[in-house]
2 protein chains.
Amino acid sequence: MRATCLKRSVTSTLSLDIIRWIAIILGSVTGSGAGHKSMSASSNAITIADIARAAGVSVSTVSRILNNKPDVAEGTRQRVQAIIAELGFTPHAQAQRLAAGRSRTIALLFPDAQLSLMREEFILGAAKAASDASYTFYLMTSDLTRHQLMALCRSALADGIILMEIHLRDWRVSYLKRIGFPFVMIGRCANNKGINFIDMDFERGIAQATEHLASLGHRKIALLTFPDDAHERGYGPAVRSRDSYMRTCKQLGLPTIVAPANDTRSQLAEATDALLNRHPDLTAMISMHGDTTIAVYRALERRDRRIPADVSVIAFITRRAAELFTPPLTAIDFPAYDFGYQAGRMLIAQLQGSGGVEHVLPPPQLVLRESVAPPCASRRNGSACPVGNHERRDAYR
Amino acid sequence: MRATCLKRSVTSTLSLDIIRWIAIILGSVTGSGAGHKSMSASSNAITIADIARAAGVSVSTVSRILNNKPDVAEGTRQRVQAIIAELGFTPHAQAQRLAAGRSRTIALLFPDAQLSLMREEFILGAAKAASDASYTFYLMTSDLTRHQLMALCRSALADGIILMEIHLRDWRVSYLKRIGFPFVMIGRCANNKGINFIDMDFERGIAQATEHLASLGHRKIALLTFPDDAHERGYGPAVRSRDSYMRTCKQLGLPTIVAPANDTRSQLAEATDALLNRHPDLTAMISMHGDTTIAVYRALERRDRRIPADVSVIAFITRRAAELFTPPLTAIDFPAYDFGYQAGRMLIAQLQGSGGVEHVLPPPQLVLRESVAPPCASRRNGSACPVGNHERRDAYR
DNA sequence: TTGAAAGCGCTACCAC
DNA sequence: GTGGTAGCGCTTTCAA
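Thresholds applied
- Residues numbered from 1 in each chain as written.
- Chains lettered and ligands numbered in written order.
- Predicted model: local features only at pLDDT ≥ 70, side-chain atom pairs only at ≥ 80, totals over all residues.
- Heavy atoms only, no water.
- Near = heavy atom within 4 Å.
- Polar contact = N/O pair within 3.5 Å; in protein donor to acceptor, adjacent residues only side chain to side chain.
- Helix = DSSP H or I, 4+ residues; strand = E, 2+ residues; numbered from the N terminus.
- Nonpolar A, V, L, I, M, F, W, Y, C, P; charged D, E, K, R; others polar.
- Core = buried A, V, L, I, M, F, W, Y, C linked by side-chain atoms within 4.5 Å.
- Buried < 20%, exposed > 50% of the residue type's maximum accessible area, 1.4 Å probe, protein only.
- Contact = heavy atoms within 4.5 Å.
- Pairing = 2+ DSSP bridges.
- Axes fitted to C-alpha atoms, helices over the stretch in contact; angles between N-to-C directions.
- Domains from an automatic or database assignment.
- Buried area = accessible area lost by both parts, 1.4 Å probe.
- Salt bridge = Lys/Arg side-chain N within 4 Å of Asp/Glu carboxyl O.

Enquirer: So what exactly am I meant to see when it comes to the protein's contact with DNA strand D here?
Expert: In the region of DNA strand D, 28 residues are neighbours, and Thr61, Arg64, Ala73 and Thr76 of chain A together with Ile48 of chain B sit closest. Here DNA strand D approaches the protein such that, of its atoms within 4 Å, sugar and phosphate make up 58%. In this structure, threonine 61 of chain A approaches DNA strand D through a side-chain N or O atom, which is 2.6 Å from a phosphate oxygen. Secondary-structure elements contributing two or more residues to the surface near DNA strand D are helix 5 (59-66) and helix 7 (93-100) of chain A together with helix 5 (59-66) and helix 7 (93-100) of chain B. A per-class count over the surface near DNA strand D returns 12 nonpolar, 12 polar and 4 charged.

Below is the structure:
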């Protein structure tokens, strides 16, 4: 409070030297360990008006300088900036945002569902994109109700949002589109006209994985996929991957074996067991699950089926997670960090009005590690079964 | 703009029915796909004044209702709330924050360093704590300079912050304490008087791990730890774990073998190799690294040393990551999600003035999985070496 | 129990 | 180039 009194009594007639002296006092008072919550009380902070007074200019001028407007004399700019630095002034974010009508914030709506090791990368990528552009990054977990989404938009907390877990027909997308609220998707709908997105190309990824396995000689290739209700709800990855799997198998003349399961280790273990019971002659599996695919490994171990000698496994997963598996998991690479970063970048570009609509669907990349081999006639004799000799990646970091 | 005109012309003399009708018009106008960016333009949104006008009360009253103040007649409250619901009004967050002087936001300062599979849990835990308390959650990556930290505090973007990667003497802590800005630590300093923290008890964890290995008969137990400069800088986990290791080994009469390395897979692999060269008779390792500990596994594999038959390994890691290892990693459990959640909860409690200082140092829990066994005299004959028969956890989820 | 009005700290328009 | 000033949308005394 003492600081406040001092500050408020400063008048524009004081010389710069005196102002500086006062700044020092202010600093030491504020800085003393006297236990008063100076910043949190938030009322005795330096304002743009203090700067203006100290510099002998108007608040408009200070504001212009703060916002890098061109129409300021170089001398003034320097003088004011010196004082800003000296008093250690930073504009009050909420005030700026209110007055400017923009929050310079993007929000990531992050599905609450459950932990998954690879999803950290989405978050960190998007956060990095925000900080690179001097934007604030707002992370929202918990799945939103329609009402909550409306509130988020109206609250003006963020200028734009990143959506994940997109369904082919997604009410959030319809809503945001209708009210004209800026957003981008990680994922995509059935119709994406006018909407920015970046998505994994599950169609091509599945085709690539299936063809790779088929080319090694596999005939019975199962798809471990999402639970049935994910398909029914039109969850993009679920529908696209299954369709592509069906199509590819048909083209290649292979039987189709689909095993739906929740993305938990226990359910996936069960599903794998059931699958092996039904199809003892299975030689390959494609998993749509992330790190929970470890449950598939464990289920195979328990039945004494070796990877890749007896059964080959492919998943969609980040490099980092894939390399934790033993044997390392051959996978369609899921560059989640990049996806997050690109989404953030696209959203900010959109907010700044630069560029048109971007539909980003990077070509899937199959990274060969050690969980895939040709099928072995002499099963249970895996060590005699030669491992395919492909490009191997041990991308340690 | 049409919406704006309509809205602005509404006067308090209009009947409620007409107001409702107008609300419908507004809704459909705003909702039409005419391509005007209604929300993003942010100027034609409904305000508290519109509500007041429509309800025939003052803005003060609406504000009171919005903030659940007690001094409002029940009838008024109901009537106004009905209108709020009808018009789909949500207060403008920035305006609220500016006027109230609080942002109801916490920020997590997340070390940029590098990806680590387990750290997602810190983030999601803290985010959950925020959302549970109706707080906004900002994630800030990139390590802050002193200047940036000052700016963050002064900007009033957040009411309080969560700090990670704490050093024994941490300039950020000194600064925040000095200016009285609310914060909590995941980690702790040498002196934590008056500061809330939650931390892994590395001292006890290391002691526990070392004693466990010693009790199985291990005599040469190495500590794979942080690089030397982390110690020099006084990074808490580095200093505390090494000290505890030294002390425990001394007490048990064991030699000390310390191998520092950066937390990257390649460096860790190198360090492991070097370690095995220097100490071929090593039978156990304790790793301070997270999922990068996979590099230790791989280095051992390459030298044909089996886990746990030839070498036992213990790390500090989340359950989820530990179970991806093969054999599953016996570990001091790192409940990172809970740590994040607790930190968030403590910070918000502090902001709301409830309760005193909390120093949370949960007792470390050693979870026995399959990477530890008694040392085997007949090395290279691992399969003959019996695996210890302890509590085993296969916590699938 | 309610209303009027003075801010919160900043931006941006308009005049000089 | 610069200054005055009217908001931005809300909270919060202080009176009534």
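Enquirer: So what exactly am I meant to see when it comes to the nonpolar core here?
Expert: General note: in soluble globular proteins, nonpolar side chains tend to be found buried as a group. In this structure, Phe137 and Leu139 of chain A together with Phe137 and Leu139 of chain B are the most contacted members of the largest nonpolar core, which totals 152 residues. Dropping the residues within four chain positions of it, leucine 139 of chain B is found in contact with Ile123, Leu124, Ala127 and Phe137 of chain A together with Leu108, Phe110 and Ile123 of chain B. Listed in part, the 49 residues of the second largest apolar core include Leu144, Leu149, Leu152 and Ile179 of chain A.

Enquirer: Even after reading the chapter, I still don't get the sheet that holds strand 9 (residues 312-317) of chain A, so can you show me in this structure?
Expert: Two strands in a sheet stick together by hydrogen bonds in their backbones, pointing the same way (parallel) or opposite ways (antiparallel). Residues and elements named next belong to chain A. One open sheet accounts for 6 strands, arranged 7-6-8-9-10-12; its pairing is mixed. Looking at which strands have only one partner, the edges of the open sheet turn out to be strand 7 (257-260) and strand 12 (366-367). On the sheet, helix 13 (residues 236-252) packs against strand 6 (221-225) and strand 7 and is oriented at approximately 170° with respect to strand 6. Strands in contact with helix 14 (residues 265-278) are strand 6, strand 7 and strand 8 (284-287); relative to strand 6, the strand with the most contacts, it is inclined by about 155°.

Enquirer: Would you explain the protein's contact with DNA strand C in this entry?
Expert: Neighbouring DNA strand C are 26 residues, the closest being Ile48 of chain A together with Thr61, Arg64, Ala73 and Thr76 of chain B. Contacts to DNA strand C include isoleucine 48 of chain A, whose backbone N or O atom sits 2.5 Å from a phosphate oxygen. Threonine 76 of chain B is positioned such that a nitrogen or oxygen atom in its side chain is 2.4 Å from a phosphate oxygen of DNA strand C. Among the secondary structure elements, those contributing two or more residues to the surface near DNA strand C are helix 5 and helix 7 of chain A together with helix 5 and helix 7 of chain B.

Enquirer: Sorry, what's going on with the environment of glycine 160 of chain A here?
Expert: Residue and element names in this part refer to chain A. Its location among the elements puts glycine 160 in strand 3 (residues 160-163). Owing to a relative accessible area of 0%, glycine 160 belongs among the buried residues under this scheme. As for glycine 160 and leucine 108, which are separated by 52 residues in sequence, their C-alpha atoms are 8.9 Å apart. Once you skip the residues sitting within four places of it in the chain, glycine 160 turns out to touch Thr105, Ile106, Ala107, Phe181, Pro182, Leu347 and Leu351.

Enquirer: So what exactly am I meant to see when it comes to the environment of phenylalanine 339 of chain A here?
Expert: Residue and element names in this part refer to chain A. Within the element layout of this structure, phenylalanine 339 appears in helix 17 (residues 336-351). Judged by relative accessible area, which is 3%, phenylalanine 339 ranks as buried. In this view, phenylalanine 339 contacts Phe122, Ile186, Ile198, Asp199, Met200, Phe334 and Pro362; residues no more than four positions away in its chain are not counted.

Enquirer: Teacher, can you tell me more about the domain arrangement of chain A here?
Expert: How big an interface is tends to be stated in terms of the accessible area lost upon association of its parts. All names here are of chain A. Partitioning chain A into structural domains gives domain 1 (14-99), domain 2 (105-200 + 338-360) and domain 3 (202-333 + 366-396). Put simply, the middle of domain 2 and the middle of domain 3, counted by C-alpha atoms, are 30 Å apart. Contact with domain 2, which involves 14 residues of that partner, is made by 19 residues of domain 3. Interface of domain 2 and domain 3: buried area, both sides summed, is about 1,400 Å²; carbon and sulfur atoms make up 54% of it. Across the domain 2-domain 3 interface, the total number found is 1 salt bridge. Connecting domain 2 to domain 3 are 8 residue pairs in polar contact (both at pLDDT 80 or more).

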